[in-house]
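An overview of the molecular structure
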Amino acid sequence: MDLLNLMRSAFPKTLDKSKPIFSSLIANENNDAALQKQILDIFSYMKEWTLTPDVYEQKGDMLMKTVTFFSFLERFADETELSLKNRFGAIFVRNHDNKWGTPYDIKSVFKQYFAHADIYLVENTNKIDAVEAGMGNLLVNGDIETAAATGWHLTDCSATSDARFSKGYGIELAQSGAVARQEVTINASSTYFLHFFLKGKVNVQIKDSDDKYLDFSTKTWGDTAIDNEFNCSEWDNKSLFFITSSTAESITLYFNYVDTDTYIDYFRLFAKQPYSSFTVIAHYDGEKAVNAFGLAPGNDDPVPLPEPEYSRYGYYDKSYLSGVAAGFASDIYDDLLNYIRGQGIKAYFDIVLRNFVE
């Protein structure tokens, strides 16, 4: 028996159910009587809650209750349901990866957030801008922020915009004898990790204050200069580690030209910590990004404005959209990292922007 006949049967047969008062208050063929409509709404509400087990098809309160029950995720101010579902799915679906916690899996998770970015994962890192002594990047001007390349000694090479991976400049090695070097104060009998992004081929030499050279293949120090060669045809992170001697007080890093035009940028040198760590890097290339806003740096506007630089930034409702310094985005990504990192492992996140050049 349907609802209309069920409701009518509850009243005496002598009562005319077609009269306006009954059909308006109790039930009618249009299913819009006051009591009838309330019951139908209740049925619809019950069906929605009992017949929509898929969280990605849920909405409103039901979506929030499911997300809250199965995770500690909170909905950020003005966050859309689609964005919330994307964050939830990044943790629990993982792009249908069979093995969780691997570098590939973590990169896959962040690719859901940054569809227009290249995702890199670098192990054995620290927070690049940490202020605690010995925790941050030990290299000066690792981003090569200006053409002057402050902190670097350049021989037969220069900082160019073509060589940029991060921000506006990188170091270009384009001729025989080209060398970029920097000296760094270090602790004796300590482990350090060197990271840099490379496009091309480079020989890396490391010499300590005792005039000993690192042989990365044997992890030993010797009297003869050793070329530790790295190469890749497209931008990629390269890393090496070394343990300093018991008497070393400083090291000098040499990046030497080999036989091809080479770009190097985004240099980082970190002291090894007593725990495992990794950094997820989302890299945006201003030359190639499509269907995405260009992000302004997030600091104070210069006076006068540097036209036409601002023409490439995302512009919305009379406001330029800030990028790296926006706390809202940082909260989301740090929250995500806390879910997917292993217990006891430190995880960091960097958005790296390669400046657009007209």
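Only a predicted model underlies this, so the values are computations on that prediction, with no experimental measurement involved.

About the thresholds
Residues numbered from 1 in each chain as written. Predicted model: local features only at pLDDT ≥ 70, side-chain atom pairs only at ≥ 80, totals over all residues. Heavy atoms only, no water. Helix = DSSP H or I, 4+ residues; strand = E, 2+ residues; numbered from the N terminus. Buried < 20%, exposed > 50% of the residue type's maximum accessible area, 1.4 Å probe, protein only. Contact = heavy atoms within 4.5 Å. Axes fitted to C-alpha atoms, helices over the stretch in contact; angles between N-to-C directions. Parallel < 35°, antiparallel > 145°, perpendicular 65-115°, else oblique. Left-handed = near helix turned anticlockwise from the far one by under 90°. Expected span 1.5 Å × (residues − 1). Core = buried A, V, L, I, M, F, W, Y, C linked by side-chain atoms within 4.5 Å. Polar contact = N/O pair within 3.5 Å; in protein donor to acceptor, adjacent residues only side chain to side chain. Pairing = 2+ DSSP bridges. Phe/Tyr/Trp six-rings, centres within 6.5 Å; stacked < 30°, edge-to-face > 60°. Lys NZ or Arg CZ within 6 Å of the ring centre and 35° of its normal. Salt bridge = Lys/Arg side-chain N within 4 Å of Asp/Glu carboxyl O.

Here we take up the overall build of the chain. Across its full length, the chain carries seven helices and 15 strands. Counting every position in the chain, which comprises 358 residues, the buried fraction comes to 42%. Long-range pairs, those at least 24 residues apart, make up 68% of the contacts in the chain with a sequence separation of at least 6.

Further remarks concern the packing of helix α4 (residues 60-70) against helix α5 (residues 81-92). Where α4 contacts α5, the axes come no closer than 12 Å and their chain directions differ by 25°. Relative to α5, the element α4 lies roughly parallel. The interaxial crossing formed by α4 with α5 has left-handed handedness. Side by side, α4 and α5 meet where Gly60, Leu63, Met64, Val67 and Phe70 of the first sit next to Glu81, Leu84, Lys85, Phe88 and Phe92 of the second.

Moving on, we get to α5. With twelve residues, α5 should reach 16 Å at 1.5 Å per residue; the first-to-last C-alpha distance of 16 Å fits that figure. Within the sequence span of α5, burial applies to Leu84, Lys85, Arg87, Phe88, Gly89, Ala90 and Ile91. Directly beyond the C-terminal end of α5, a positive phi value near 55° is found at Arg94.

The next subject is the nonpolar core. Among the nonpolar cores identified, the biggest contains 33 residues, and Ile171, Leu194, Phe196, Val204, Phe255 and Phe267 are the most heavily contacted of them. Every element with two or more residues in this core is listed here: β4 (170-173), β5 (179-185), β6 (191-208), β9 (228-243), β10 (250-257) and β11 (262-271). Of all the elements, β6 adds the most residues to this core, at seven residues. Discounting chain neighbours no more than four positions away, the residues touching Phe255 are Trp152, Leu173, Ala178, Val179, Ala180, Leu194, Phe196, Val202, Asn203, Val204, Ile264 and Phe267.

On to the side chain of Asn228. Within the secondary structure layout, Asn228 lies in strand β9. Engagement of the side chain of Asn228 in a polar contact is seen with the backbone oxygen of Leu214, the distance being 3.4 Å. The contact partners of Asn228, leaving out residues within four places of it in the chain, are Val202, Asn203, Val204, Leu214, Asp215, Phe216 and Ser217.

Of all the nine residues making up strand β15 (residues 346-354), seven are buried; the element is thus mostly covered by neighbouring parts of the structure. Pairing geometry for strand β12 (residues 277-285) and β15, over nine bridges, is parallel. Bridging across to β15, Asp285 finds its partner in Arg354.

Any aromatic ring pair is given by two values, namely how distant the centres are and how the planes are angled relative to each other. In total, this model carries 20 aromatic pairs according to the counting rule given. Taken together, a centroid distance of 4.9 Å and an interplanar angle of 80° make the contact between Tyr120 and Phe197 edge-to-face. Taken together, the positions of Tyr120 in strand β1 (residues 118-123) and Phe197 in strand β6 put the pair 77 residues apart, joining distant regions of the chain. Since its relative accessible area comes to 11%, Tyr120 is described here as buried. Classification of Phe197 by relative accessible area gives buried; the value is 0%. Between Phe165 and Trp235 the ring centres are 5.2 Å apart and the planes differ by 50°, which places this aromatic pair in the tilted class. One end of the pair, Phe165, is in the loop between β3 (158-160) and β4; the other, Trp235, is in strand β9, with 70 residues separating them in the sequence. In this pair, the class of Phe165 matches that of Trp235, namely buried. Lying across the ring of Phe216, Lys219 places its NZ or CZ 4.3 Å from the centre. Looking at Lys346, its charged tip hangs above the ring of Tyr275, at a distance of 4.5 Å from the centre.

A few words on the pattern of salt bridges. Side chains that carry opposite charge are capable of pairing whenever their charged atoms lie near each other. Overall, the coordinates contain eight salt bridges when judged by the stated rule. Of the charged contacts, one joins Glu145 and Lys167 as a salt bridge, the two residues approaching to 3.3 Å between their closest N and O atoms. Here Lys167 lies in the loop between β3 and β4 and Glu145 lies in the loop between β1 and β2 (153-155), a separation of 22 residues in the sequence. With a closest N to O distance of 3.3 Å, Asp259 and Lys201 form a salt bridge. In this pair, Asp259 sits in the loop between β10 and β11 while Lys201 sits in strand β6, placing the two residues 58 residues apart along the sequence. Take Asp259: its relative accessible area is 49%, and that puts it in the partly exposed class.

Interpretation in functional terms is not warranted from these geometric data alone.
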